[in-house]
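Listed here are the chains, written in short residue letters.
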Amino acid sequence: MLVKFEFGSVRDTQWNEYATRFVFGGVVTLVAGLIADRFGPAIGGLFLAFPALFPASASLIQKHQREKKQRAGLDGAKRGRLAAGLDAAGAMIGCIGLAAFAATTWKMLPRHPLWLTLTIATLVWAGLAVSAWFARKRACSNLNLH
Amino acid sequence: MDLIVRFLVGGSVVSFFAMVGSALKPKSFAGLFAAAPSVALATISLTVLKKGTQYAAIEAESMILGAAAFLIYACLVSRVLFRKNFPVLPTTTIALVAWIGLALGLRLLI
């Protein structure tokens, strides 16, 4: 299956779902800063990779998939749970990119400008995460796994 | 004022990545965005401005361990949701306790 960007999903998302993500994101960023202030950067830095938004995102994915199936007259509960599980499987691959983002930032930041460091680190994250996803997809196809 | 800026910047960056992720198909590819460095992108710039590059670099070094704990968290959640008939929100929320334990454990060990 090809990767697709569905604008319909952006339109279908309700304003309160966007608000939930905004508030979660804001709170996590705020708390990560407060933890660093209280316990130092070695502990605070851990929370830059805290999956706080994951439960909200996964439950929204489950809700959307369930509603889609229910509109077609099906139960949709199992499909919703599996879609959330697939999201988590994708996040596992994304974590490789996340660690590479952190390592690039750690090594580059003391010697290079902030804008350059964050640009390269973001490109490293995207490049590695997308490459790893396609490599896994190809390996699964070769082995007839899904 | 600093806290308000942090909240607004964090909320905006995280919602942007979440919005992009929710519109992508297939869902396993969209999941890559669940592990996007959104909080880090929002925080590191503000930290560099306030506390300098050395402080932010120490945070970034620790973030590697946080990402390793996230990988184990995602693996655990994925396996539970595929194999057990557990509800999504409680499963993913309770597993955050495992992330905290793993991340702090790794920090103490390394």
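The notes below deal with the structure included here. Since the model is a prediction, treat every value here as computed from it, not as a measurement.

**So, the packing of helix 5 (residues 77-108) of chain A against helix 6 (residues 114-142) of chain A**
Residues and elements named next belong to chain A.
Alright, step 1. Between helix 5 and helix 6, the least distance of the axes is 8 Å, while the angle of their chain directions is 150°. As judged from the angle between their axes, helix 5 and helix 6 are roughly antiparallel. The handedness of the crossing between helix 5 and helix 6 comes out as right-handed. Residue-level inspection shows Gly 90, Ile 93, Gly 94, Ile 96, Gly 97, Leu 98, Ala 100, Phe 101, Thr 104, Thr 105 and Met 108 of helix 5 in contact with helix 6, the latter providing Thr 117, Ile 120, Ala 121, Thr 122, Val 124, Trp 125, Ala 126, Leu 128, Ala 129, Ala 132, Trp 133 and Arg 136.
Alright, step 2. Split by residue class, the contact of helix 5 with helix 6 holds 15 nonpolar, seven polar and one charged.

**Focus on the interface of chain B and chain A**
Alright, step 1. On the chain A side, the residues contacting the 70 residues of chain B number 74 residues.
Alright, step 2. Here the side of chain B that touches chain A takes 25 residues from helix 4 (residues 53-83) of chain B, the largest share from any one element.
Alright, step 3. Here the residues of the side of chain B that touches chain A sort into 48 nonpolar, 16 polar and six charged.
Alright, step 4. Relative to strand 1 (residues 24-25) of chain B, strand 1 (residues 4-5) of chain A is paired through two bridges, and the arrangement is antiparallel. Bridged to A:Phe5 within strand 1 of chain B is B:Leu24.

The rules behind the values
- All chains use their own residue numbering, which begins from 1 and follows the written sequence.
- Chains carry letters and ligands carry numbers; both start at the beginning, A for chains and 1 for ligands, and go up in the order they are written.
- With the structure being a predicted model, the display of local features is reserved for residues of pLDDT at least 70 and the display and counting of side-chain atom pairs for 80 or more, all residues being used for whole-chain, interface and lining totals.
- The axes are straight lines fitted to the C-alpha atoms, using for helices just the contacting stretch, and the angles between their N-to-C directions are given from 0 to 180°.
- Secondary structure elements follow DSSP: runs of H or I no shorter than four residues count as helices, runs of E no shorter than two count as strands, and numbering proceeds from the N terminus.
- Each angle is binned into one of four classes, with values under 35 degrees roughly parallel, values over 145 roughly antiparallel, values of 65 to 115 roughly perpendicular, and all other values oblique.
- Should the near helix be turned anticlockwise from the far one by less than a right angle, the crossing is left-handed, and should it be turned clockwise, the crossing is right-handed.
- Think of it this way: build a C-beta for each residue from its backbone, and any pair within 7 Å is a contact.
- Three classes are used, and their members are as follows: Ala, Val, Leu, Ile, Met, Phe, Trp, Tyr, Cys and Pro are nonpolar, Asp, Glu, Lys and Arg are charged, and the others, Gly among them, are polar.
- Whether two strands pair depends on DSSP finding at least two bridges between them.

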